[in-house]
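Chain residues, written in single-letter form:
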Amino acid sequence: MRHLIQRYGRDLDLTVVTRRKDASEDIHPLARPFVWDITASAPPARLLTGCDVVINLTGETIARRWTKGVKERIRDSRVLSTRNLADAIGGADPRPKILVNASATGYYGARGEEELTEHSAPGQDFLARVCVTWEEEALRAREMGLRVVVARFGVVFGYDGGALERILPFFEWGVGGALGSGRQWSPWIHIKDAVGAIRHSIEDDRVNGPVNIVSPQPVRNRDLTKALARVVGKPAIFPVPSFVLMVWYGEMASVLLSSQKVMPSVLTETGFHYEHPELTEALAHILYWRKEMEKRRPIDELVKKGLPFVAQK
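A look at the side chain of N212
- Locating N212 in the fold gives a position in strand 10 (residues 209-213).
- For N212, a relative accessible area of 0% corresponds to the buried category.
- Here M263 takes part through its backbone oxygen, which lies 2.9 Å from a polar atom of the side chain of N212.
- Beyond its immediate stretch of four places on either side in the chain, N212 contacts Y108, L116, T117, E118, R152, V262, M263, P264 and L267.

Structural data, given as structure tokens:
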């Protein structure tokens, strides 16, 4: 959400609903924070009254070992929040016109070499079942007259945080490697294209229902590994065996080892323009800006503390 605000905040009148009382420190000054835990109850309908678009990107991270409690939080943070949001939309007058609701390519489950589009059937594992229920709650808004976009995100590569932040240090240390056999297909997308796809989905009425938010050039995990190693200039000669992932992550390891050759058919058919569709170029772009952000971080910390500073050219 932060990247969406930063890129389009000047064009839009934004209200950000958050559970964090200290969110005003992180939310862009062009957006208004509204503190509400929508997993606990529906937000007040007046919050949505008169809004044109609602974007729901809530969801507990899946990148951890799945205990029973973690699985409940993963499900509830998606399903309950979307259910409560739909209830609030129903009470708004006038109602929003569009709901963009997050989902994930986990909807498809492990599918080997099968090419997957928005018309493909769901999988049967835990994440797939969560995604099916999650999307059903979002699609309730259609009965209220809204156009609903269900954004099935692949792995989003960005400058700060996310999947890349977790794996990149291993490659920078020269101990990165493919996961399991490395043959599994890995759906991915650059953060700029993910944000652009959301904007495209809002502005193009042809985007209705599920849309795969992924690059048009899917890669195998071993090729992702090679690209990362090439960009950081280090070898990647330490593959991680499947059994090690299973011991370390338990059931969650299936996400890392499953193969999903997901294609963005809806985005392609509606003419979406990708800025970074090719993996090596996308990673190089991200690493460049990651280094630039590291240079700026000390000044940013001073500004947050209210301390004076001198900007030098």
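Section: a positive patch on the surface
- On the surface, R183, R222, K226 and R230 cluster together into a patch of positive charge.
- Looking at the element boundaries, K226 is found in helix 6 (residues 221-232).

Considerations on the packing of helix 2 (residues 68-91) against helix 3 (residues 126-139)
- In contact at an axis separation of 8 Å, helix 2 and helix 3 are set at 10° when each is read in the N-to-C sense. Taken together, the axes of helix 2 and helix 3 are roughly parallel relative to one another. Seen from helix 2, the contacting residues are K71, I74, R75, R78, V79, T82, R83 and A86; seen from helix 3, they are F126, L127, V130, T133, W134, E137 and A138.

Here's the deal with the sheet that holds strand 6 (residues 147-153)
- Across the sheet, which stays open at both edges, the 4 strands sit in the order 3-4-6-10 with parallel pairing between neighbours. Two strands bound the open sheet, and with one partner strand each, they are strand 3 (53-56) and strand 10. Strand-to-strand twist of the sheet, defined as the mean angle between neighbouring strand axes without regard to direction, takes the value 25°.
- Summarising the sheet, strand 4 (residues 98-104) and strand 6 pair through 7 bridges and their orientation is parallel. Residue pairing across strands places A104 opposite F153, the latter belonging to strand 6.
- Where helix 2 meets the sheet, its contacts fall on strand 3 and strand 4, and the angle it forms with strand 3 comes to roughly 165°.
- Packed on one face of the sheet, helix 3 meets strand 4 and strand 6 and runs near 180° to strand 4.

Criteria and cut-off values
Residues numbered from 1 in each chain as written. Predicted model: local features only at pLDDT ≥ 70, side-chain atom pairs only at ≥ 80, totals over all residues. Heavy atoms only, no water. Helix = DSSP H or I, 4+ residues; strand = E, 2+ residues; numbered from the N terminus. Buried < 20%, exposed > 50% of the residue type's maximum accessible area, 1.4 Å probe, protein only. Polar contact = N/O pair within 3.5 Å; in protein donor to acceptor, adjacent residues only side chain to side chain. Contact = heavy atoms within 4.5 Å. Patch = residues over 30% accessible without salt bridge, like charges linked within 9 Å, V, L, I, M, F, W, Y side chains within 5 Å. Areas by Shrake-Rupley, 256 points an atom, 1.4 Å probe, with all protein chains shown as cover. Salt bridge = Lys/Arg side-chain N within 4 Å of Asp/Glu carboxyl O. Lys, Arg positive; Asp, Glu negative; His and termini not counted. Charge placed at Lys NZ, Arg CZ, Asp CG, Glu CD. Axes fitted to C-alpha atoms, helices over the stretch in contact; angles between N-to-C directions. Parallel < 35°, antiparallel > 145°, perpendicular 65-115°, else oblique. Pairing = 2+ DSSP bridges.

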